[in-house]
Structure formats: structure tokens, C-alpha cells
Amino acid sequence: MLKKILVTGSSGLVGRAVCEHYDKLGYSVHGMDNNQRANFFGADGDTSTNLKRLQSDLAKYQHIEMDIRDRVGVQTKISAIRPDVIVHAAGQPSHDLAAMIPFDDFEINAVGTLNLLEATRQYAPTAPFIYLSTNKVYGDRPNMIPLKEETKRWEFNDPRYANGIAETLDIDQSTHSLFGVSKASADLMVQEYGRYFGMQTCCLRAGCLTGAAHSGVKLHGFLNYIVRCAVKGEPYTIIGYKGKQVRDNLDASDIASFVECFAADPRSAAVYNIGGGKGNSCSVVEAVELIESILGRKMDVSYEDLPRVGDHICYYSDLSHIKSDYPNWSVRKSLPDIVADIIDATS
């Protein structure tokens with residue numbers, strides 16, 4: 001019998017990568033998306049081009065135009081499909097925007113996730129459920145780790161964090177942004193459905209996910225947005241921390257490959273920090289310099305001193321836990337290759 005996967009946020013960066021990956025594995029791919037990014041971010045956030053590509057390139061792709069806040073609709077679709085794997089990549093992704101639309105943010109990220117979990121429990125209880133969480137569940141707790149200022153970046157100044165942030169970091173008593181709270185609520189619920197009901201669930205606390213298909217905008221998608229500004233000759237504003245704030249970057253295809261690993265050997269209530277790790281980390285200043293070196297020209301860069309609320313000064317993922325449980329998974333695409341791919345897709 002043909003196996004089936006349901007992917008929410010299927011027209012987004014990660015969703016599309018997972019759909020393409022599982023199509024190659026021979027699955028019947030069911031994508032659920034209603035292009036909320038266009039509502040959130042305008043034309044630059046529109047994912048309809050990704051949908052068209054999925055529909056034209058994937059032979060077994062079936063699209064479901066649905067808002068995950070539609071509880072009855074979600075239950076109806078999951079009961080009809082009975083998927084073998086569920087990947088939940090839909091969500092409101094911006095911590096800046098969340099403060100402007102707090103009810104939408106919480107209802108999409110937290111309540112929408114609950115709708116999917118409960119429908120899965122009722123109609124596909126054995127399906128691995130992989131949730132795209134975020135490192136923002138840690139709030140600004142990483143900023144409490146001693147740091148040292150280097151020429152072009154901030155760096156951890158504590159040997160316990162030599163490889164980055166592990167899953168043992170506390171998520172309590174810190175400033176998260178409203179987005180971080182809604183995502184943490186969903187993260188905990190995904191864990192609880194694993195522990196309480198014995199479902200096979202996984203939270204992927206992601207760093208900066210990116211790639212050529214990303215619809216990066218000012219409020220979300222930092223690396224793709226910088227590249228877009230550079231290629232189009234538009235001004236780019238660095239916000240806070242002297243531009244030395246550090247992020248790790250992971251191509252969406254590497255998320256898709258991990259989904260396959262987890263689905264083949266699922267666990268209950270699993271939590272993994274996932275990202276590019278220290279090797280794929282860069283500060284904003286370093287990202288600008290890398291992009292300029294590839295393009296062979298300078299960017300129009302300005303600076304605002306006030307950082308975003310709850311923004312991380314230095315964050316890259318400690319991949320020890322995820323690699324221990326899944327030794328066959330690794331980060332395959334390097335940061336320079338990711339940037340080159342985005343430049344090619346944007347030019």
C-alpha cells in the first residue's frame with residue numbers, strides 16, 4: 001500500500017523541502033497550506049510560487065487549502081488521509097510580528113498545533129509527529145551565558161557551551177517574545193502528547209532555517225533577506241549588538257533528511273536542537289562580508305543600536321544529542337554553499 005505523509009506549511013521553506021524529499025521516497029504527499037505568509041508579510045512573503053512548483057513537479061502531491069485553526073477541517077482531513085507520517089511546519093514565524101497580532105500568533109502556533117495533535121491521536125495515533133519548534137523557546141536565556149566580544153562576533157565564554165546550546169538549557173524565567181511563548185506552548189504540548197498518550201512525537205528546536213526557496217522578509221528569514229537586499233541593491237539595516245550577534249544556519253534539505261531518519265526510528269516526546277551548529281554559524285557582520293565576497297561588491301548597510309526584544313546575542317545549536325540518537329544524520333550543506341544557492345535563486 002502506498003504510504004502517505006501530511007505536511008503542514010507545505011508551501012513554506014521547510015514544508016516544501018519535506019514534500020520534495022518524500023516524493024522522491026515514493027510517498028503520496030498531502031500538503032496543507034493557505035499562504036498566510038502573504039497576509040503576514042505582503043507580496044515578498046507570498047509562497048504561491050512554491051505551491052505551483054509542488055503541483056507541477058511532484059507527481060503524487062495533493063494540496064489542501066486549509067487554516068490549521070479550523071479544528072473540524074483538520075480532523076476531517078486527517079481522518080480521511082490517515083497519514084503514516086505528519087510533519088507540522090506551519091506557523092506564524094516572526095517574533096516582531098507576534099506583538100502586533102497576539103491572538104493570531106497564539107491561535108496559529110499553539111491552538112493550531114493542538115488541533116493537529118488531537119486529530120492525530122484520534123485518527124493516526126501510530127504516525128510519527130514531527131513539529132518544527134524554534135530556539136526561541138529558550139527566550140533570552142542564552143544571553144545569560146558569559147560572552148566574549150571578538151572582532152566580528154560575540155562568542156560563548158564558558159567551556160560548557162563550546163559546542164553551542166544543548167537541550168538541557170532552561171526555558172523558564174526569561175523573556176521570550178510573544179512568538180516564543182506561543183511556540184513554547186506548542187512545543188510542550190507536542191511533548192505531552194508523546195508522554196501522556198504514548199505517541200511518537202518530536203520537537204525540533206531550530207536555529208535559522210534557510211535555503212534557495214525561502215521567502216525571506218525583514219521580520220523573518222535573516223540570511224535570505226540579507227542576500228535579497230544585496231542582490232537587488234537595496235539598503236539593509238543591522239539591528240543591535242554591533243551586528244556581532246551570531247546565528248547558525250541550516251539548509252531546509254537537511255531538515256527533510258532528518259525527518260526521514262526520525263520517521264524510520266521514532267521516539268516518544270523527543271526534543272532536539274537542530275541547526276547548522278558552530279560550523280555553519282555566522283554573525284550578521286560576517287554574513288554581510290561573505291555575501292559581498294561572493295557578489296564582488298559592497299552592500300548598502302546601516303545600523304540601529306536598539307536590539308529586538310528577547311533577541312539572542314549568540315546562538316548556535318549543540319548537535320551532540322541529535323547526532324547521538326541519529327548518527328546517520330549530518331549537516332551536509334555548508335554556509336558558503338547555502339549563500340551561493342540563495343544568490344543564484346535571487347539573481
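Our subject is the structure listed above.
On a predicted model such as this, the values are computed, not experimentally measured, just so you know.

Engineer: I keep staring at the overall build of the chain and nothing clicks. Help me out?
Structural biologist: Of the regular secondary structure elements, the chain holds twelve helices and 14 strands. Relative to its length of 347 residues, the chain is compact, with a C-alpha radius of gyration of 19 Å against a globular reference of 20 Å. For the chain, the spread of C-alpha atoms along the principal axes amounts to about 55 × 40 × 40 Å. A burial count over the chain gives 57% of its 347 residues as buried.

Engineer: Is there a simple way to explain the pairing of strand β5 (residues 129–134) in this structure?
Structural biologist: Two faces belong to every sheet, and in a regular strand the side chains alternate between them. Of all six residues in β5, six are buried; the element is thus mostly enclosed. Of the two faces of β5, the one lined by Phe 129, Tyr 131 and Ser 133 and the one lined by Ile 130, Leu 132 and Thr 134 are each fully buried. By the bridge criterion, three bridges tie strand β4 (residues 85–88) to β5 in an arrangement that is parallel. When the bridges of β5 are listed, His 88 appears paired with Tyr 131. In this structure, β5 lies alongside strand β8 (residues 201–206), joined through six bridges in parallel fashion. Looking across to β8, one finds that Ile 130 is bridged to Cys 202.

Engineer: Would you take a moment to explain the packing of helix α4 (residues 71–81) against helix α6 (residues 102–123) for this structure?
Structural biologist: Two quantities define a packed helix pair, namely the angle between the axes and the distance from one axis to the other. Packing of α4 against α6 brings their axes to within 9 Å, and their N-to-C directions diverge by 35 degrees. The two elements α4 and α6 cross, and the hand of that crossing is right-handed. Contacts between α4 and α6 involve Arg 71, Val 74, Gln 75, Ile 78 and Ser 79 on the former and, on the latter, Val 111, Asn 115, Leu 116, Ala 119, Thr 120, Gln 122 and Tyr 123. The residue inventory of the contact of α4 with α6, partitioned by class, reads six nonpolar, five polar and one charged.

Engineer: It is not clear to me how the sheet that holds strand β2 (residues 28–32) should be interpreted in this structure. Could you clarify?
Structural biologist: Two strands in a sheet stick together by hydrogen bonds in their backbones, pointing the same way (parallel) or opposite ways (antiparallel). Read across the open sheet, the seven strands follow the order β3-β2-β1-β4-β5-β8-β12; overall the sheet is parallel. Unpaired on one side and paired on the other, β3 (61–64) and β12 (270–274) mark the two borders of the sheet. Direction aside, neighbouring strands of the sheet carry axes that sit 20 degrees apart on average. Across four bridges, β2 lies against β3 in parallel orientation. The partner of Gly 31 across the bridge, within β3, is His 63. Where helix α9 (residues 252–264) meets the sheet, its contacts fall on β4, β5, β8 and β12, and the angle it forms with β12 comes to roughly 160 degrees.

The rules we used
Residues numbered from 1 in each chain as written. Predicted model: local features only at pLDDT ≥ 70, side-chain atom pairs only at ≥ 80, totals over all residues. Heavy atoms only, no water. Helix = DSSP H or I, 4+ residues; strand = E, 2+ residues; numbered from the N terminus. Rg over C-alpha atoms; globule rule 2.2 N^0.38 Å. Buried < 20%, exposed > 50% of the residue type's maximum accessible area, 1.4 Å probe, protein only. Pairing = 2+ DSSP bridges. Axes fitted to C-alpha atoms, helices over the stretch in contact; angles between N-to-C directions. Left-handed = near helix turned anticlockwise from the far one by under 90°. Contact = heavy atoms within 4.5 Å. Nonpolar A, V, L, I, M, F, W, Y, C, P; charged D, E, K, R; others polar.

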